[in-house]
Amino acid sequence: GDASYLVTGGLGGLGLSLAGWLAERGAGHVVLAGRAGMTTEAQRSAVAAIEQRGTSVTVAKVDVADRASVASALAALPANRPLRGIFHAAGLVDDGLLAGQTPARFRRVMAPKIQGAWNLHTLTRGTELDLFVMYGSVVGLLGSPGQGNYAAANTFLDALAHARRAEGLAAVSIDWAAFSDVGMAAAGAHRGQRMEGRGLKSLKPEEGLAALDAILARGATQMAVLSIDVQQWLEFFPAAAAYRMLARLVDEQSTTSAPSGDRAVLDKLAAASPEARARLVEGLVRDQVALVLRIAAEKIARDAPLAGLGMDSLMGLELRNRLEAVLGVRLPAGA
């Protein structure tokens, strides 16, 4: 109650959820740091609700990747409420296959995560903190096509947590799955739905806060929070079967180097005449395209080019993985 807690990305859905969690636990002062400041009625309502619980709130316009900006925000903290905890939840995504990435796109995604975390680390090194919590992503552990820049940025947070602990400093990095109602996955175009289609379920905000309680209680340095159908994930990403972390979660007998396919579909194709088989495959492809695009299959004309339907390279990769999983075959990258 006599301390301040800094939340970066504090005016996003995750940050405001965190601030409410802090208020429920009696935090005296919460600083919500964000690049744009408070701009919406939803943000104002959320802040008002936090203040009604007895927690004072300061909204600070801060670019966490800018050292001077962070230093200014820290210097403005009230002397009677010293900083005791940091929650680093700032982040950006800029998805694209590796061949289409550029140094500028990597820097854009890495700046809030990596530079932001480093600024917070170095500027508070002499401050006695109870909490230094970094919000990472399970993408840093499992990988995700098109998110190499984001995966690298989150892996840095994990490494920093271990480095701080080795120095005797407070630190924990939490590798979250996507959240269903808040955060970047919820704001993105079907990003959370795509992950669920691959076997990685989204978290509800209340599940995340319950997990946060448990993680802080056990004093972990790094923890992943996810609900995953490992077999379904491996059907989409067979190469991931080599990951030791996943190999421990599945029966070795059930993991093969190639997708096994949907037996009912394969039996139906085998029993069909050549003409009927072609129609079945055409229908199968259309159904999978519809799932990737999140539109009704009947809206897809048989001669419509995929690019004309709005399918980008990431969606094309998902389509290929879906077809491989159903048909039990390997398709070339350019298929």
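Keep in mind that this is a model prediction, so the values were computed, not measured.

Enquirer: How should I be thinking about the overall build of the chain in this particular structure?
Expert: Helix and strand counts for the chain stand at 14 helices and 9 strands. Within the span of the chain, comprising 335 residues, buried residues form 44% of the whole. For the chain, the share of sequence-separated contacts (at least 6 apart) that also reach a separation of at least 24 residues comes to 71%. In the chain, 34 positive and 32 negative side-chain charges are present, and the distance between their average locations comes to 3 Å.

Enquirer: For this particular structure, what's the right way to read the side chain of Asp158?
Expert: Tracing the sequence through the fold places Asp158 in helix H6 (residues 148-166). Not counting chain neighbours up to four residues away, the residues in contact with Asp158 comprise Leu141, Ser173, Asp175 and Gln222.

Enquirer: It is not clear to me how the sheet that holds strand E6 (residues 172-176) should be interpreted in this structure. Could you clarify?
Expert: Whether parallel or antiparallel, the strands of a sheet pair through hydrogen bonds between backbone atoms. An order of E3-E2-E1-E4-E5-E6-E8 is seen for the 7 strands of this open sheet, with the pairing classed as parallel. Both edges of this open sheet fall to strand E3 (56-61) and strand E8 (222-225), since each of them pairs with a single strand only. Across this sheet, the average inter-strand angle for adjacent strands is 15 degrees, counted without regard to direction. One ladder, built from 4 bridges, connects strand E4 (residues 83-88) with strand E5 (residues 131-137); its direction is parallel. For Ile86, the partnering residue across the bridge sits in E5 and is Phe132.

Enquirer: Got a minute to help me understand the pairing of strand E1 (residues 4-8) in this structure?
Expert: The side chains of a regular strand alternate between both faces of the sheet. By the criterion of burial, E1 is predominantly enclosed, with 5 of the 5 residues buried. Here E1 shows a buried face lined by Ser4, Leu6 and Thr8 and a second buried face lined by Tyr5 and Val7. Bridge count between E1 and strand E2 (residues 29-34): 5 bridges; the pairing is parallel. Each residue of the ladder has a partner; that of Thr8, found in E2, is Ala33. At this point the chain moves from E1, through helix H1 (residues 13-24), to the parallel E2, and the crossover so formed is right-handed. As judged from the 5 bridges shared by E1 and E4, these two strands associate in the parallel manner. Of the residues in E4, the one forming a bridge with Thr8 is His88.

Enquirer: Quick question: what am I supposed to make of helix H4 (residues 103-123) here?
Expert: Residues three or four positions apart in an α-helix share a direction because the helix packs 3.6 residues into each turn. Approximately 55 degrees is the largest bend angle found in H4, and it occurs at Met110, with the proline Pro112 only one to four residues beyond. Taken residue by residue, H4 has Val109, Pro112, Lys113, Gly116, Ala117, Asn119, Leu120 and His121 as its buried positions. Looking at the buried positions of H4, the neighbouring elements they touch are E1, helix H3 (67-75), E4, E5 and H6.

Enquirer: Looking at this model, I keep getting lost on H1. Mind explaining?
Expert: In this model, H1 (12 residues) spans 17 Å end to end at C-alpha, consistent with the 16 Å of a helix rising 1.5 Å per residue. Buried residues of H1: Leu14, Gly15, Leu16, Leu18, Ala19, Gly20, Trp21, Leu22 and Ala23, and no others. Phi turns positive, to about 90 degrees, at Gly26, one or two residues after H1.

Enquirer: Looking at this structure, I do not really get the packing of aromatic side chains. What am I missing?
Expert: The geometry of an aromatic ring pair comes down to the distance between the two centres and the angle between the two planes. Tallied over the full model, the rule gives 3 aromatic pairs. With a centroid separation of 6.0 Å and 75 degrees between ring planes, the pair formed by Trp21 and Phe87 is classed as edge-to-face. Of the two residues, Trp21 is situated in helix H1 and Phe87 in strand E4; the sequence distance between them amounts to 66 residues. Residue Trp21 is classed as buried on the basis of its relative accessible area, which comes to 5%. Assessed through its relative accessible area of 0%, Phe87 is described here as buried. For the pair Tyr135 and Trp176, a centre-to-centre distance of 5.2 Å together with 45 degrees between the ring planes defines the contact as tilted. Of this pair, Tyr135 sits in strand E5 while Trp176 sits in strand E6, placing them 41 residues apart in sequence. We note that Tyr135, like Trp176, is buried. Pairwise contacts between aromatic rings join Tyr135, Trp176 and Phe179 into one cluster. Cation over ring: Arg164 sits above Phe132, and NZ or CZ is 3.8 Å from the ring centre.

Enquirer: Help me understand the confidence of the model for the chain, please; the structure alone is not making it clear to me.
Expert: Do not read the predicted coordinates in detail wherever pLDDT is low. Of all residues in the chain, 92% have pLDDT values of 70 or greater, and the mean over the chain is 88. Within the model, the stretch residues 185-189 combines pLDDT values under 50 with 8 contacts to residues more than four positions away or in other chains.

Enquirer: How do you make sense of the pattern of salt bridges when you look at a structure like this?
Expert: Side chains bearing opposite charge may pair, as long as their charged atoms lie close to each other. Following the criterion strictly, the structure yields 9 salt bridges and no others. Glu24 serves as the salt-bridge partner of Arg53, at 3.8 Å between the closest nitrogen and oxygen. Taken together, the positions of Arg53 in the loop between helix H2 (41-52) and E3 and Glu24 in helix H1 put the pair 29 residues apart, joining distant regions of the chain. A relative accessible area of 44% places Arg53 in the partly exposed class. Glu24 sits in the exposed class, given a relative accessible area of 54%. A salt bridge links Glu282 to Arg302; its shortest N-O distance comes to 2.7 Å. Highlighted residues: Glu282 in helix H13 (residues 274-293) and Arg302 in the loop between H13 and helix H14 (313-327), separated in sequence by 20 residues. Exposure remark for Glu282: the relative accessible area of 37% places this residue in the partly exposed category. Owing to a relative accessible area of 68%, Arg302 belongs among the exposed residues under this scheme. One continuous salt-bridge network, built from bridges that share partners, spans Glu24, Arg25, Arg53 and Asp213.

Cut-off values and rules
Residues numbered from 1 in each chain as written. Predicted model: local features only at pLDDT ≥ 70, side-chain atom pairs only at ≥ 80, totals over all residues. Heavy atoms only, no water. Helix = DSSP H or I, 4+ residues; strand = E, 2+ residues; numbered from the N terminus. Buried < 20%, exposed > 50% of the residue type's maximum accessible area, 1.4 Å probe, protein only. Contact = heavy atoms within 4.5 Å. Lys, Arg positive; Asp, Glu negative; His and termini not counted. Charge placed at Lys NZ, Arg CZ, Asp CG, Glu CD. Pairing = 2+ DSSP bridges. Axes fitted to C-alpha atoms, helices over the stretch in contact; angles between N-to-C directions. Right-handed = clockwise from strand over helix to strand, strands pointing away. Bend = angle between axes of the 7 residues up to and from the residue. Expected span 1.5 Å × (residues − 1). Phe/Tyr/Trp six-rings, centres within 6.5 Å; stacked < 30°, edge-to-face > 60°. Lys NZ or Arg CZ within 6 Å of the ring centre and 35° of its normal. pLDDT = per-residue confidence, 0-100. Salt bridge = Lys/Arg side-chain N within 4 Å of Asp/Glu carboxyl O.

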